[in-house]
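The residues making up each chain are set out below.
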Amino acid sequence: MSSAAPRPADQDHLWSVDEHLEDILATVRPLEPIELQLLDAQGCVLVEDVTVPVSLPPFDNSSMDGYAVRVADVAGASEEFPAVLDVVGDVAAGQAELLHVGPGQAARIMTGAPLPPGAETVVPVEWTDGGLGEGPVSGMRARSLAPEGAEGHVHVYRSAEARAHVRAQGSDVRAGDRALDAGTVLGPPQIALLAAIGRGTVRVRPRPRVVVMSTGSELVQPDESLGTGQIYDSNSFALTAAARDAGAIAYRVGAVADDAETLRSTIEDQLVRADLVVTTGGVSVGAYDVVKEALSSVADEDEPGSGVDFRKLAMQPGKPQGFGTIGPDHTPLLALPGNPVSSYVSFELFVRPAIRTLMGLDDVHRPRTRATLTARKALTSPKGRRQFLRGAYADGSVAPVGGAGSHLVAALAQADALIVVPEDVESVEPGAEVEVVLLG
């Protein structure tokens, strides 16, 4: 889970965004691979190439409901001069014994059924009278209603080239081909392919289990009544949703009151189901910032460097951050600020890459691009801080959404990007090119 230890604390050091992220990614390690059933592997990352054991399709089969015939027997066929063929029976999908189609013969064939020996092509049923002798038909009658359709004669009104409406063996993938590469995230199409080539299980890195908890005695759960000085807990919902969006199995823990011992015991109880723990709130310099109080002294005496380091970062929002490992398995823990915007921005910059690293992905970051700033006035940024402003991105342009306040949840809900203002830039004029982190 995590083999390296975080850097030791240095209370006077102002960490850069890159230094903090580098420390996290140097500590977090991909989870160990396991063998999972296909549906349990959804969202997981393959750890080995998958080779095709059997071609798809495994045999030549019909792509239409119609008649399997020889090309010469329908050459020149028309409505005025149809080809009249003897129907020797039905060929249905999954049928073990195949009919043989000889000269002057046809086999009624269903979509997906194997092309019978002797047949060279398939004519759709719409090109025939369906054996009824009453001109072109629009489809076949069910065998249970008209079993006589599998015998007698059929009139064919159009010719067909060789192998028309035939899906060739191996036309999808051939035996020995590589079906999926190691590092592939398994979504529904990939799981369909694995099932189609006969794989019931697959070796993957499991989805990380992420426990999210918020702290603060002022926090109330949605649907409950607010008392004086209370607010609803939105952070734990936002971060749990964000963790799931990143690919994790996320567990939300109810808000923990401002009591260090309660918080410490709650975290310890959650470690049994956690590959990563994320807390929000209680990491600043206030008298009730209990995350620092609860975790600053937590360390494994047998493992030098374990424990949680609380830092100040040269960024806005999100200056106070905490990172370290806890518990017997040295589970990574990221302690984020409590303001909603600070919390969410911190998640995108630090927690999401950690989750993607646990998954075993090579590219763990959100995509970035350059965009033209659309704004009514210049954006200002504090000197020496890398600022991340909420933005709306479209067609190569980005516009700020809401103000710079780290409590503005409504503005966050309208944003699909973060505008990055570097540490050495204090003002960005409208029309300037800026770096953008795409969140969508």
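Presented here is a report on the structure given in the accompanying data block.

About the thresholds
Residues numbered from 1 in each chain as written. Predicted model: local features only at pLDDT ≥ 70, side-chain atom pairs only at ≥ 80, totals over all residues. Heavy atoms only, no water. Core = buried A, V, L, I, M, F, W, Y, C linked by side-chain atoms within 4.5 Å. Buried < 20%, exposed > 50% of the residue type's maximum accessible area, 1.4 Å probe, protein only. Helix = DSSP H or I, 4+ residues; strand = E, 2+ residues; numbered from the N terminus. Contact = heavy atoms within 4.5 Å. Pairing = 2+ DSSP bridges. Phe/Tyr/Trp six-rings, centres within 6.5 Å; stacked < 30°, edge-to-face > 60°. Lys NZ or Arg CZ within 6 Å of the ring centre and 35° of its normal.

Before going further, it helps to spend a moment on the nonpolar core. Core analysis: the biggest nonpolar cluster contains 40 residues, and Leu276, Phe350 and Ile355 have the highest contact counts within it. Going through the elements one at a time, helix 1 (17–27), strand 14 (209–215), helix 4 (235–246), strand 18 (276–280), strand 22 (331–336), helix 7 (340–359) and strand 27 (417–421) are the ones with two or more residues in this core. The element best represented in this core is helix 7, accounting for 11 residues. Within the second largest apolar cluster, 20 residues are counted, among which are Val256, Ile267, Val283 and Phe310.

Residue position: Thr380 is located in strand 24 (residues 379–380). C-alpha of Thr380 to C-alpha of Leu412: the two residues are 32 residues apart in sequence and 19 Å apart in space. Once residues within four sequence positions are removed from consideration, Thr380 is found in contact with Gln387, Glu426 and Ser427.

This paragraph deals with the sheet that holds strand 3 (residues 45–46). Taken in spatial order, the 3 strands of this open sheet run 2-13-3, and their pairing is antiparallel. The outermost strands of the open sheet, each flanked by one partner alone, are strand 2 (34–37) and strand 3. Both strand 2 and strand 13 (residues 201–205) contribute to a ladder of 4 bridges, which runs antiparallel. When the sheet's bridge partners are listed, Leu36 is paired in strand 13 with Val202.

So, on to unusual backbone geometry. Excluding glycine, most residues fall at negative phi; most peptide bonds, likewise, are trans. Here the amide bond leading from Leu56 into Pro57 is cis, since omega sits at -10 degrees, within 30 degrees of zero. With respect to the element layout, Pro57 can be found in the loop between strand 4 (50–51) and strand 5 (61–62). Here the phi dihedral of His165 falls at roughly 60 degrees; this positive angle occurs in a residue that is not glycine. Position of His165 among the secondary structure elements: in the loop between strand 10 (153–156) and strand 11 (166–167). We classify His165 as partly exposed; its relative accessible area is 25%.

The next subject is the packing of aromatic side chains. Summed over the entire model, instances satisfying the criterion amount to 0 aromatic pairs. Here Arg311 stacks its cationic end above the ring of Trp15, 3.8 Å away from the centre of that ring.

Attention shifts here to the environment of Pro222. Mapped onto the fold, Pro222 is located in the loop between strand 15 (219–220) and strand 16 (231–232). For the pair Pro222 and Tyr232, spaced 10 residues apart in sequence, the C-alpha separation works out to 5.9 Å. Aside from chain neighbours lying at most four places away, what touches Pro222 is Tyr232, Asp233 and Phe237.

Purely geometric stuff here, so don't read any function into it on its own.
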